Amino acid sequence: MEEVKETKICSKCSIEKSVDEFGVRKDTKDGLNSCCKECIRIRSKMQYAKDLLKSRELSRLRSRKRAINYPDYTKQRKRNSYDNNRLMFVLKNRLNIAKKENILHDNKEILYEYLKDRWNRHECEICHKRLILGDKFSKDNSPSIDRIVPELGYVIDNISIICHRCNRIKNDATWQEHLMISNWQKEKEEIFRNRNVVNLT
Ligand SMILES: [Zn+2]
Ligand SMILES: [Zn+2]
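Residues numbered from 1 in each chain as written. Chains lettered and ligands numbered in written order. Predicted model: local features only at pLDDT ≥ 70, side-chain atom pairs only at ≥ 80, totals over all residues.

Chemist: Mind laying out the overall build of the protein, listing which residues take part and the relevant values?
Modeler: The helix and strand inventory of the protein stands at five helices and six strands. Taking 201 residues into account, the globule formula puts the C-alpha radius of gyration at 17 Å, and the protein, at 34 Å, lies well above it. Going through the 201 residues of the protein one by one, you find that 10% of them count as buried. Counting only contacts in the protein whose residues sit at least 6 apart along the sequence, the fraction spanning at least 24 positions is 42%. (Helix = DSSP H or I, 4+ residues; strand = E, 2+ residues; numbered from the N terminus. Rg over C-alpha atoms; globule rule 2.2 N^0.38 Å. Buried ≥ 20, exposed ≤ 12 C-beta atoms within 10 Å, placed from the backbone. Contact = placed C-beta atoms within 7 Å.)

And the structure:
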């Protein structure tokens, strides 16, 4: 009768261990792996770490190659991710205020999806001037998120991307009020236009 071994020496760590600590392998004499389970675990972990480093290095190389071959593409991608981050930043800021002041609003993920494309057009929806993302101080051509009808809050279809100047002019006035002011302003200017004293546009 064949003698059944209770222990086995691992070929890797050279420690004598119970046969339970070795994995089954059909093509060996004793039907067990030559290395213990622990050694195999360590080896696969190390392999995983190596692969991970390799894939990181590969993607780094790829993006470096792309930056050389397609500088515009890389610039645009960086630009887009910066722009999208800025949108999220502005949106969070608006919604924090909305929460504090009990202004109606959709959740930020929904609003973000709704605004993303409009934001990346870099164009005021009212005057169609180009919008520039500057530093934290708003200028006339900085983008802003506008509530078309302020009372309706930050909800889909009631928000738009307009320039800071248009937003400042629009403020909380209704279109009727704007019309009233425009008509009055036009009427008053007519007087001077007729006198031909100044060149008014
Ligand atoms: Zn071992
Ligand atoms: Zn504008």
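Chemist: Break down the pairing of strand β5 (residues 143-147) for me, with residues and values.
Modeler: A large share of β5 lies buried, amounting to four of its five residues. Bridge count between β5 and strand β6 (residues 159-163): five bridges; the pairing is antiparallel. Paired with P143 across the bridge in β6 is C163. (Pairing = 2+ DSSP bridges.)

Chemist: I'd like a rundown of the nonpolar core, residues and numbers included.
Modeler: L111, L115, I159 and I161 are the most contacted members of the largest nonpolar core, which totals 13 residues. No other element matches the four residues that β6 contributes to this core. Contact partners of L111, with chain neighbours within four places excluded, come to L91, D106, Y154 and I159. (Core = buried A, V, L, I, M, F, W, Y, C linked by C-beta atoms within 7 Å.)

Chemist: With reference to specific residues and values, describe helix α2 (residues 71-100).
Modeler: Taking 1.5 Å per residue, 30 residues should reach 44 Å; α2 reaches 44 Å between its end C-alpha atoms and fits that length. By the criterion of burial, α2 is predominantly exposed, with just two of the 30 residues buried. One or two steps after α2, the chain reaches N102, where phi turns positive at roughly 60 degrees. (Expected span 1.5 Å × (residues − 1).)

Chemist: Break down the packing of α2 against helix α3 (residues 108-120) for me, citing the residues and quoting the values.
Modeler: Viewed as axis vectors pointing N to C, α2 and α3 meet at an angle of 130 degrees, and their least axial separation amounts to 10 Å. Our classification of the angle between α2 and α3 gives oblique. As α2 packs across α3, the resulting crossing turns out to be right-handed. On the side of α2, the interface is formed by N80, D83, N84, L87, M88, L91, K92 and L95, while α3 contributes K108, L111, Y112, L115, K116, W119 and N120. Its residues assigned to classes, the contact of α2 with α3 comprises eight nonpolar, three polar and four charged. (Axes fitted to C-alpha atoms, helices over the stretch in contact; angles between N-to-C directions. Parallel < 35°, antiparallel > 145°, perpendicular 65-115°, else oblique. Left-handed = near helix turned anticlockwise from the far one by under 90°. Nonpolar A, V, L, I, M, F, W, Y, C, P; charged D, E, K, R; others polar.)

Chemist: Residue-level account of unusual backbone geometry, with values.
Modeler: Even without being glycine, D157 reaches a positive phi, approximately 75 degrees. Within the secondary structure layout, D157 lies in the loop between β5 and β6. Its identity is not glycine, yet N171 carries a phi of approximately 45 degrees, on the positive side. Within the secondary structure, N171 is located in the loop between α4 (164-170) and α5 (175-195).

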